[in-house]
Amino acid sequence: MRVAPVDTDESAPGRAGRHRVFLFDLDQTLLRANGAGGAAFAYAFRTVLGDDTALHGIEYAGRTDRGILTEALDRAGVSPAEQGDVRQCIVQRVCEALPDCLRTADARTLPGSQSVLAALSEEPNVTLGMGTGNLRATALIKVAHVGLSPWLHDGGFGDDHTQRHGMIADAAAALCPPDRDADVVVIGDTALDVAAARSNGFASVGVATGGATRATLQACGADAVLADLRDTEHVLRVLRTVRFPG
Ligand SMILES: [Mg+2]
């Protein structure tokens, strides 16, 4: 992958003609799982460790599953040497439980998600992917459950990174054409999505459908902010013209 040089031309709205890679966060950006992920984690902890108290009060928003699991296993008193095996058992149980949890929680796309992805996929020189803290397996289960599989297959995931910026770097490495410059735009609902984009030199578009307000997303440096994804034409206009960090 060749990393795109930063666009410092303030008069240039976007960079027409270049390949563009859009990395979408999942939870609270494209879909609402209504606690299904947390319920699957709780089931897995109860099954593998006997109880789920290590998950009580844990922060999920914007974090990677690896980061969440590491914190919870530390809390549960699982030694670093044992965490690899325990984590593997827990992930297996999470994947077993998640489809039922998604059905029970009535997980679904957020309004406009499918239209935006469908419209973007029709544009030339565009690659769509995920930049999500979910494990790869749970991301694919969620995407399939809510009907976003036609557009989202690959990206960066939370299996190996406790922090989001490494996951976003993985996503770009997986999806940027190897022989062409590409502009990467990260779309997400938290300050952590924005920070991960900025630390990689990518543009970020905040979507205020999670816990963060538009003002918060703007204040933490998002290059553009959307209230939601309902207005496909407006969303596409913003994604086409987002300014790259200078
Ligand atoms: Mg999110």
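These numbers come from a predicted model, not from an experiment. One numbering rule holds for all chains: residues counted from 1, following each sequence as written. Totals for whole chains, interfaces and linings use every residue, but because this is a predicted model, local features are given only for residues with pLDDT of at least 70 and side-chain atom pairs only at 80 or more, for both listing and counting.

Q: It is not clear to me how the domain arrangement of the protein should be interpreted in this structure. Could you clarify?
A: One frequent convention defines the size of an interface as the accessible area lost when the parts assemble. An automatic or database domain assignment supplies the start and end points of every domain. Taken domain by domain, the protein comprises domain 1 (2-33 + 108-241) and domain 2 (36-104). Helix and strand assignments come from DSSP, with helices taken as H or I runs of at least 4 residues and strands as E runs of at least 2, each series counted from the N terminus. Looking at the side of domain 1 that touches domain 2, the elements that each hand over two or more residues are α5 (136-146), α6 (164-175) and α7 (191-199). We call Asp, Glu, Lys and Arg charged. Ala, Val, Leu, Ile, Met, Phe, Trp, Tyr, Cys and Pro are nonpolar, and the rest, Gly among them, are polar. Here the side of domain 1 that touches domain 2 is built from residues that sort into 7 nonpolar, 11 polar and 5 charged.

Q: Explain the packing of helix α4 (residues 113-121) against helix α9 (residues 232-241) to me, please; I cannot follow it from the model alone.
A: Packed helix pairs are specified by the crossing angle of their axes together with the interaxial distance, meaning the distance between the axes. Axes here refer to lines fitted to C-alpha atoms; in helices the fit is confined to the stretch in contact. Angles between the N-to-C directions go from 0 to 180 degrees. It is the contact of α4 with α9, at a shortest axis distance of 9 Å, that shows an interaxial angle of 50°. What the angle tells us is that α4 and α9 run oblique. The crossing of α4 and α9 is right-handed. Contact residues: α4 offers Ser115, Val116, Ala119 and Leu120, while α9 offers Thr232, Val235 and Leu236. Along the lines of polarity and charge, the residues of the contact of α4 with α9 split into 5 nonpolar, 2 polar and no charged. An angle below 35 degrees is treated as roughly parallel, one above 145 as roughly antiparallel, one from 65 to 115 as roughly perpendicular, and anything else as oblique. Handedness of a crossing follows from how the near helix is turned relative to the far one, being left-handed for an anticlockwise turn of less than a right angle and right-handed for a clockwise one. Think of it this way: build a C-beta for each residue from its backbone, and any pair within 7 Å is a contact.

Q: When you look at the nonpolar core in this model, what are you seeing that I'm missing?
A: In summary, soluble globular proteins display a tendency toward joint burial of nonpolar side chains. Ranked by internal contacts, the top residues of the largest apolar core, which has 75 residues, are Phe22, Leu23, Ile168, Val184, Val185, Val186 and Val205. Residue contributions to this core peak at 7 residues, all from helix α1 (residues 36-49). Looking at this core, you find at least three residues from each of domain 1 (2-33 + 108-241) and domain 2 (36-104). In this structure Val185 touches Arg20, Phe22, Leu23, Phe202, Ala203, Val205, Leu239 and Val242, once residues within four positions along its chain are discounted. Structurally, a nonpolar core is described as a collection of buried Ala, Val, Leu, Ile, Met, Phe, Trp, Tyr and Cys residues joined by way of C-beta atoms within 7 Å. Here exposure depends only on C-beta density: within 10 Å of a residue's C-beta, 20 or more other C-beta atoms make it buried, 12 or fewer make it exposed, and intermediate numbers make it partly exposed, the C-beta atoms being placed from the backbone.

Q: What is the right way to read the packing of α1 against helix α3 (residues 80-104) from this model?
A: Running from amino to carboxyl end, α1 crosses α3 at an angle of 135°, the nearest separation of the two axes being 7 Å. Judged on the interaxial angle alone, α3 and α1 are oblique. Crossing of α1 against α3: the hand is right-handed. Where α1 approaches α3, its residues Ala36, Ala39, Ala40, Phe41, Tyr43, Ala44, Phe45, Thr47 and Val48 are matched on the opposing element by Val86, Cys89, Ile90, Arg93, Val94, Ala97, Leu98, Cys101 and Leu102. For the contact of α1 with α3, a count of residues per class yields 16 nonpolar, 1 polar and 1 charged.

Q: Looking at this structure, I do not really get the pairing of strand β5 (residues 126-131). What am I missing?
A: Regular strands place their side chains on alternate faces of the sheet. With 5 bridges joining them, strand β2 (residues 19-24) and β5 adopt parallel strand pairing. Across the sheet, residue Val21 finds its bridge partner in β5, namely Thr127. Note: β5 against strand β6 (residues 155-156), 2 bridges, orientation parallel. Bridging across to β6, Met130 finds its partner in Gly155. Handedness of a crossover is defined as follows: with both strands directed away from the viewer, a clockwise route from the first strand across the helix to the second makes it right-handed. Considered for its hand, the β-α-β crossover made up of β5, α5 and β6 is right-handed. If DSSP finds at least two bridges between two strands, the strands pair.

Q: Sorry, what's going on with α5 here?
A: Working note: α-helix, 3.6 residues per turn, so residues spaced by three or four point in the same direction. Buried within α5 are the following residues: Thr138, Ala139, Ile141, Lys142, Val143, His145 and Val146. Its buried side turned inward, α5 meets β3 (31-32), α1, α3, β4 (108-109) and β5.

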